[in-house]
Every structure is written in C-alpha cells, then in structure tokens.
Amino acid sequence: MTAMLPRLLRAWRVPACAFSLILSAFVSTPVAALEHVYMMVGTNPGGGYEQAGRALGQAMIDAGVARSVQYENKAGAGGTIALAQFVGRQRGNGNALIVTGAVMIGAILQNKPPVALTEATPIARLFHESNVFVVPAASPLKTMKDLLDLLKRDPASVTWGGGSRGSIDQISIGHIARAVGVDPAKINYVPFQGGGEASAAIVGGHVTVGASGWAELAPFIKSGKVRALAITASERLPGNATPTLKEFGIDVVFENWRGIYAAPGITDAQRKAITRAVVAATKQKSWKDAVGNSSWTPSLLTGEEFEKFVAAETVRIEASMRSVGLVK
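Residues numbered from 1 in each chain as written. Predicted model: local features only at pLDDT ≥ 70, side-chain atom pairs only at ≥ 80, totals over all residues. Heavy atoms only, no water.

A. Here's a closer look at the overall build of the chain. A count of helices and strands for the chain gives twelve helices and ten strands. Within the span of the chain, comprising 328 residues, buried residues form 52% of the whole. Long-range pairs, those at least 24 residues apart, make up 78% of the contacts in the chain with a sequence separation of at least 6. Once the 33 positive and 24 negative side-chain charges of the chain are each reduced to a mean point, those two points are 5 Å apart. (Helix = DSSP H or I, 4+ residues; strand = E, 2+ residues; numbered from the N terminus. Buried < 20%, exposed > 50% of the residue type's maximum accessible area, 1.4 Å probe, protein only. Contact = heavy atoms within 4.5 Å. Lys, Arg positive; Asp, Glu negative; His and termini not counted. Charge placed at Lys NZ, Arg CZ, Asp CG, Glu CD.)

The following block contains the structure:
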C-alpha cells in the first residue's frame, strides 16, 4: 500500500507535507533497539536486584529493544558503591542502566555516600514485593509467635540476618521490636551484601531468623530447607498460606520495590528511548512469567510520576529509619 501512495498522491496533486502526514498513518514506528545494554547490579549474585535486572534484560532482548545485555555485580553499602561507580563511569551512555529500589534509598540515608541517586536519570519503577521472615527447618521456632516471645524474653539471643544496613529488612525488624516493647538498639542484626550470602547463612543456621524478599527465599521455602513465619504484606499473598505480621498483632507493613535508573547526562531523546524500551520489555511473556513466578506485584511507573514517587519514598523511609534509631 505504501509503495502505491506516491503515484496516487501525484495523481491527486496532494502537497508533499500532506503526503508525509498520510504516509505516517500507514507506517508505524517501532521501538528502536538499544545497542549492547550495560546493567549494573549493586549486590552479589543471587539477590533480588540481580533477579530483577536479569529478568528485565532478557525481556528487553525478547522484545527486540536490546541487542545484548552485559551484567556487572558491584556489592557493598546497600548498592551505593555500585551507584558511585555507575554515575562516575557511565555519564552520557544511553545504553547503561542500574537496578535500584527502596534498599538503596535506605543505604544512601544511612551511609551518606558522595553520590546521590538524583545524579542518575530515573526511568521506571517495575514492581514491589513483600519481605518474608524465615527460620532454618531445624529451628525450634515454629511460628512467628514463638519468635516474638523469644525476642521479648531475651532480645540478644535472636540473631537476625538480612540485607545491608539501612535496608528494608533492618527497618522492618526495628519496627517489629518496637511493636513488642523491645528497644530496636538491642536488635542483633547481621547484614549481608547479597541474597546468595544471606540465604546460605539462613539455611545453614548461622542466624536465628532471616529476612528477605519473597522471591529470594521462595526456593528454600518450597524445598523445606527453611520455614516461613510471616510476611510484611498488608494481607496474605494469592496462593500463599504464609500469615502476615498483622495476624500476630504487629501492625507493620513494608513493601520493597525495584526500579531502573539510566546514566547521568543523557539527552531527552536517549531517556525517552530507554523508557520506551523498558516499557516494551514489561509487556513480554518472559517478564510476566518472572513476575508471576517471583510473587512480584507489577507497579510500572515512569516519567514525572516515578520521580515524585522516589521523592516521597525518601521522606517516608527516612522517617521510618529515624523512628527506630537507624539515622539521627
């Protein structure tokens, strides 16, 4: 049809500008593929950040919006070391992405790194998920009530394992302590730099109880290596029998989220191209499968709305950290 349009328009003596408008109605513009995407992940392998980054990268390839994806893990300080490297080395690179989330905001507030998240370019929030508290299969603690009773009797005897200092894991534990009348400063918290490390410590019984995103611990829960005690959701997850903290009288609800930022110093055109590519990836079957299998809740947010969300999250997380003494 488009090949016939010039002859038809000449016969009808349609002006060239009108021809362009009519032609555009017949020819759709696909999302241009990004060249060799670089994906920075601020944890060791095996964590939620890596799961999100690799799932998104594969979906970008499946959608034809990325030709290839290279991943780099740079653990430490809740992702702020990775952020500093990303901002310092990728400026102006329209093919560079970094996985972010609530954990990174907490780490920035606590560690006060020289690089701020606002120096990178916000692209999208992808999903949110609930945390789960688990104990090794051999643990004498059978329910969350057992754990809370022990915590009230002897706070120092309970070793909590989770993400980096200032993470959603540590914040939620501080709120649990406060809810049962225990000083959050007495919590014995052991931070890990990635989900793989944390999972190994939990399964191996090196901590009393572990906290992490559901997707990170789900394989160990399903295999029976650990026992799920409670989740931080406002209500039970679909198809999931794990009770909420609220069911034990603990009015604590926390949802972690994952997002994507691009490099600093990119153009508006580059930012739009990356955003279109990420949105296209979230429509792919491989992404939807990853979301479903990981019990993530899709919550795509882009543009100015995403920027406003991050600003509000920073205020909320800082207030929450102050209330349990993690920042002053």
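B. The arrangement of the packing of aromatic side chains in detail. With the rule as written, the count across this model stands at seven aromatic pairs. An angle of 85° between the planes, with centres 6.2 Å apart, marks the rings of Phe-133 and Trp-160 as edge-to-face. Linking Phe-133 in strand E4 (residues 121–136) with Trp-160 in strand E5 (residues 159–162), this pair joins segments that are 27 residues apart in sequence. Of the two residues, Phe-133 and Trp-160, neither departs from the other in class, the shared state being buried. Ring centres of Trp-287 and Trp-296 lie 6.0 Å apart, and the angle between their planes is 40°; on these two criteria the pair is classed as tilted. A network of ring pairs unites the aromatic residues Trp-257, Tyr-261, Phe-306 and Phe-309 as a single cluster. The ring of Tyr-71 carries the charged tip of Arg-54 above its face, separated from the ring centre by 4.2 Å. Over the ring of Phe-309 we find Arg-125; its NZ or CZ atom is 4.5 Å from the centre of that ring. (Phe/Tyr/Trp six-rings, centres within 6.5 Å; stacked < 30°, edge-to-face > 60°. Lys NZ or Arg CZ within 6 Å of the ring centre and 35° of its normal.)

So, to be careful, I would describe these as geometric facts and stop short of saying anything about function.
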